[in-house]
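The chain contents come next:
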Amino acid sequence: MQVLRFLFAFIFVAIALTIVIAWTPDIAPEDLREKYAYGASTFVELPSGATAHFRDEGDKNTPAIVLLHGSNSSLHTWEAWVNDLKADYRIITIDLPGHGLTGPTPANMYGYVGMTNFVKEFTQTIGLEHFILGGNSMGGGISLHYTQTYPDDVTSLILVDASGAKLPAKDGTKPDLPLAFKLAGRWYTDWIIGNITPRSLSADGLRKSFTNQALINDKMIDRYWELVRYPGNREATGKRFAGYRTGRADIDFSKIAVPTLIIWGEDDKLIPVEAGHVMNREIKDSKLVVFKGAGHIPMEETPEKTIEAVRGFFR
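Notes on the structure in this doc start here. Starting from 1, residues in each chain are numbered consecutively following that chain's sequence as written. Selection of residues for local features in this predicted model requires a pLDDT of at least 70, selection of side-chain atom pairs for listing and counting requires 80 or more, and totals for whole chains, interfaces and linings are taken over all residues. The basis for the side-chain values is all heavy atoms of the structure; hydrogens and waters are excluded.

## Focus: the overall build of the protein chain
Phase 1 of the analysis: Elements are defined by DSSP. Helices are runs of H or I of four residues or more, strands are runs of E of two residues or more, and each kind is numbered from the N terminus. Looking only at helices and strands, the protein chain features 13 helices and eight strands.
Phase 2 of the analysis: The C-alpha radius of gyration of the protein chain comes to 20 Å, within 12% of the 20 Å expected for a compact globule of 315 residues.
Phase 3 of the analysis: Burial classes follow relative accessibility: with a 1.4 Å probe on protein chains only, a residue under 20% of its type's maximum area counts as buried, one over 50% as exposed, and anything between as partly exposed. Looking at the protein chain residue by residue over its 315 residues, the buried ones come to 51%.
Phase 4 of the analysis: Working rule for contacts: check all heavy atoms of both residues, and any pair within 4.5 Å makes them a contact. For the protein chain, restricting intrachain contacts to residue pairs at least 6 apart in sequence, the fraction spanning at least 24 positions comes to 74%. Here the radius of gyration uses the C-alpha set of atoms, whereas the globule reference equals 2.2 Å times the residue count to the power 0.38.

## Details of the pattern of salt bridges
Phase 1 of the analysis: What counts as a salt bridge is simple: a side-chain nitrogen of Lys or Arg found within 4 Å of a carboxyl oxygen of Asp or Glu. For the structure on display, the rule yields 13 salt bridges.
Phase 2 of the analysis: For Asp-88, the salt bridge identified is with Arg-311, shortest N-O distance 3.0 Å. Taken together, the residues Asp-88 in the loop between helix H3 (79-85) and strand S4 (90-94) and Arg-311 in helix H13 (residues 303-314) connect sequence positions 223 residues apart.
Phase 3 of the analysis: Classification of Asp-88 by relative accessible area gives partly exposed; the value is 37%.
Phase 4 of the analysis: Ionic pairing is found between Arg-199 and Asp-222, a salt bridge with its closest N-O pair at 2.7 Å. In this pair, Arg-199 is assigned in helix H8 (residues 199-209) and Asp-222 in helix H9 (residues 218-227), connecting sequence segments 23 residues apart.
Phase 5 of the analysis: Bridged by salt links that share partners, the residues Asp-56, Lys-60 and Arg-90 form one connected network.

## A short note on the packing of aromatic side chains
Phase 1 of the analysis: What counts as a ring pair is set by centres within 6.5 Å for rings of Phe, Tyr and Trp (its six-membered ring), and what kind of pair is set by the plane angle: stacked under 30 degrees, edge-to-face over 60, tilted for all other angles. Following the criterion strictly, the structure yields six aromatic pairs and no others.
Phase 2 of the analysis: Between Trp-78 and Trp-81, the ring centres sit 5.1 Å apart and the planes meet at 55°, which makes this aromatic pair tilted. The two residues Trp-78 and Trp-81 agree in class, both being buried.
Phase 3 of the analysis: Here the aromatic rings of Tyr-89 and Phe-314 are separated by 5.0 Å at their centres, their planes lie at 45°, and the arrangement is tilted. Of this pair, Tyr-89 sits in the loop between H3 and S4 while Phe-314 sits in helix H13, and the two are 225 residues apart along the sequence.

Now the structure itself:
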């Protein structure tokens, strides 16, 4: 018995010590704002009580483009596009609910419906009526859902490795998801990753999103890792992924009646390029451009080529 008590005590101390060492607390909002709310960053309080972090750049008399980032990302993912396109367009980038410096929202809804409601409320608040809508990954799925919900708002679509397409079972393509995506939204792991979020999880997500690993640097990893620790973002991530597992709102591609540019990285491990071909077949007025040597976030990996595709589409 003495040996068992000693063993249990040793295990308890070992677990407690591991938790203490690995514990990754939230970062104070004011510290994150000081570091990441630079340039054109501003904040607006919405009627629902949510506070949105966004950037509104370029000439307000030119066509407006609203860009939505992907899962566990932020508006920073669009910086290369914004720096180029703002010479000819009004570019609005937003941190979506449960992400970046927007953080969790009172509605506590982080699926397609909740995100669509947020984008609608945001665009109404800033007085935007008609715009080009674009999104990457999760942001692409939200863009599709928004367009089928509010078709009169959107003049054209840009989908970048977007979620929302169901691949045929016979396709056999299996995504290689980051570990954080596999763990999030499960009752037995949410508390752990909500309090113990090693930097390696962000690094793993980026490694699986980029083909050219040399583009991943410490500054990029830190940005993803630190923004996910904005108070409430990790809990929101768990709710979002739990919702995914019970089923997302369906996207009816037959309701997408605007010109649509579909951009995809050929080497995407998270949402395979076959999904882009499905969208291109089912969206009536669409064009698919596939980039070799690019992964899940080609607007960061090959900004010049993707910008050229966007400008060509507008022409």
